[in-house]
Amino acid sequence: AQTVTQSQPEMSVQEAETVTLSCTYDTSESDYYLFWYKQPPSRQMILVIRQEAYKQQNATENRFSVNFQKAAKSFSLKISDSQLGDAAMYFCAYRTKQTGANNLFFGTGTRLTVIP
Amino acid sequence: NAGVTQTPKFQVLKTGQSMTLQCAQDMNHNSMYWYRQDPGMGLRLIYYSASEGTTDKGEVPNGYNVSRLNKREFSLRLESAAPSQTSVYFCASSETWGRQYGYTFGSGTRLTVV
């Protein structure tokens, strides 16, 4: 099974500054999907950004961008101009493209604190 | 609002009691999932249903059963609750062909077994 590792249990950032959350994964596949989910205190899991492995261009969604290093199996999330509302747990996740396979593999999460 | 609806949001059970967690989605998704979230362990798949009429075990199925009642509804049953099943449970759905869009999650059920 694929494994997803988030080595930073907690991170903090000053409001308006930039922070990068790390994620590495292990797979033997060449094509797959990667995701970052945000979980605020409300518990709702919110999709932040996604990346297809065959696309070399890094995905960007407003203040959120990724640094996808396929050879290194690394998928970090950069949050620019951090806002108080960005405070949450962030989960990295992997999904295969294989037909019939349905699991979304999650990392253990990084708790982000935003300091006013 | 379109999305995934879970009930109840909170539940306390005594060891040995049974209960069913309900989940419904109104996005016409084919696939549905049950996950549990434990501190320091991320989310782990309990069961999933790739399409109406099918269910399969995930990573941690022991102690649970599921029913895909129709395309909209996917329930999770604990027949004899144990303290180890204290967790937050999430239901999710996805379009099978649109796997690149990830999953849509419900707001979770916090279950405590005493």
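Everything below is about the structure printed above this text.
Quick word on the overall build of chain A
Along the backbone of chain A there are zero helices and twelve strands. For a compact globule of 116 residues, the expected C-alpha radius of gyration is about 13 Å, and chain A comes in at 14 Å, within 12% of that figure. Overall, chain A is about 45 × 30 × 20 Å in size when its C-alpha atoms are taken along their principal axes. A buried classification covers 51% of the 116 residues belonging to chain A. Contacts in chain A between residues at least 24 apart in sequence constitute 55% of all its contacts with a sequence separation of at least 6. A total of about 5,600 Å² of accessible surface is found on chain A, and carbon and sulfur atoms cover 46% of it. Across chain A, the mean location of the 11 positive side-chain charges is 6 Å away from that of the 10 negative side-chain charges.

Details of the pattern of salt bridges
For the structure on display, the rule yields six salt bridges over all chains. Asp86 of chain A is the salt-bridge partner of Arg63 of chain A, the closest N and O atoms lying 2.8 Å from each other. In this pair, Arg63 of chain A sits in the loop between strand E7 (60-61) and strand E8 (64-69) while Asp86 of chain A sits in the loop between strand E9 (74-79) and strand E10 (88-96), placing the two residues 23 residues apart along the sequence. There is no split in this pair, since Arg63 of chain A and Asp86 of chain A are both buried. Between Asp38 of chain B and Arg36 of chain B there is a salt bridge, and its shortest N-O distance comes to 2.9 Å.

As for the interface of chain A and chain B
Quite often, the size of an interface is put as the accessible area lost when its parts meet. Counting residues at the interface gives 25 residues for chain A, matched by 27 residues for chain B. Note on chain A versus chain B: buried area summed over both sides is about 2,000 Å², and carbon and sulfur give 49% of it. Connecting chain A to chain B are nine residue pairs in polar contact (both at pLDDT 80 or more). If you list the elements that add at least two residues to the side of chain A that touches chain B, you get strand E5 (32-39), strand E6 (46-52), E10 and strand E11 (104-106) of chain A. Broken down by element, the side of chain A that touches chain B gets its largest block of residues, four residues, from E5 of chain A.

Thoughts on the sheet that holds strand E8 (residues 74-78) of chain B
All names here are of chain B. Pairing within the open sheet is antiparallel, and its four strands lie in the order E1-E3-E8-E7. The sheet is open, and its two edges are formed by strand E1 (4-7) and strand E7 (64-68), each paired on a single side. Across the sheet, the mean angle from the axis of one strand to that of its neighbour is 15 degrees, orientation sign disregarded. Across five bridges, the pairing between E7 and E8 is antiparallel. Bridging across to E8, Arg68 finds its partner in Phe74.

Structural notes on the side chain of Thr110 of chain A
All names here are of chain A. Structurally, the position occupied by Thr110 is in strand E12 (residues 110-115). Exposure remark for Thr110: the relative accessible area of 0% places this residue in the buried category. There is a polar contact of 3.4 Å between the side chain of Thr110 and the side chain of Gln6. Of the polar contacts made by the side chain of Thr110, one reaches the backbone oxygen of Gln8; its length is 2.6 Å. Sequence-distant contacts of Thr110, defined by excluding residues within four places in its chain, comprise Gln6, Gln8, Pro9, Glu10, Met11, Leu21, Ala88, Met89 and Tyr90.

With respect to the nonpolar core
Buried together is how nonpolar side chains tend to be arranged in soluble globular proteins. Residue and element names in this part refer to chain A. With 26 residues, the main nonpolar core has Tyr25, Trp36, Phe75, Leu77 and Tyr90 as its most contacted residues. For this core, the elements supplying multiple residues, two or more each, are strand E3 (19-21), E5, E6, E8, E9, E10 and E12. The dominant element in this core, judged by the number of residues it contributes, is E10, at four residues. With residues near it in sequence (within four places) discarded, Leu77 still touches Val19, Thr20, Leu21, Trp36, Ile49, Phe64, Ser65, Val66 and Tyr90.

Some remarks on the packing of aromatic side chains
With the rule as written, the count across this model stands at 19 aromatic pairs over all chains. When the ring of Phe106 of chain A is compared with that of Phe105 of chain B, the centres are 6.1 Å apart and the planes differ by 70 degrees; the resulting orientation is edge-to-face. Remark: Phe105 of chain B occurs in strand E10 (residues 104-105) and Phe106 of chain A occurs in strand E11; the pair is interchain, linking two chains. Both residues of the pair, Phe106 of chain A and Phe105 of chain B, belong to the buried class. Aromatic rings pair up to connect Tyr33, Phe35, Tyr37, Phe91 and Phe106 of chain A together with Tyr33, Tyr35, Tyr48, Phe90, Tyr103 and Phe105 of chain B into one cluster.

Reading the values: the criteria
Residues numbered from 1 in each chain as written. Chains lettered and ligands numbered in written order. Predicted model: local features only at pLDDT ≥ 70, side-chain atom pairs only at ≥ 80, totals over all residues. Heavy atoms only, no water. Helix = DSSP H or I, 4+ residues; strand = E, 2+ residues; numbered from the N terminus. Rg over C-alpha atoms; globule rule 2.2 N^0.38 Å. Buried < 20%, exposed > 50% of the residue type's maximum accessible area, 1.4 Å probe, protein only. Contact = heavy atoms within 4.5 Å. Areas by Shrake-Rupley, 256 points an atom, 1.4 Å probe, with all protein chains shown as cover. Lys, Arg positive; Asp, Glu negative; His and termini not counted. Charge placed at Lys NZ, Arg CZ, Asp CG, Glu CD. Salt bridge = Lys/Arg side-chain N within 4 Å of Asp/Glu carboxyl O. Buried area = accessible area lost by both parts, 1.4 Å probe. Polar contact = N/O pair within 3.5 Å; in protein donor to acceptor, adjacent residues only side chain to side chain. Pairing = 2+ DSSP bridges. Axes fitted to C-alpha atoms, helices over the stretch in contact; angles between N-to-C directions. Core = buried A, V, L, I, M, F, W, Y, C linked by side-chain atoms within 4.5 Å. Phe/Tyr/Trp six-rings, centres within 6.5 Å; stacked < 30°, edge-to-face > 60°.

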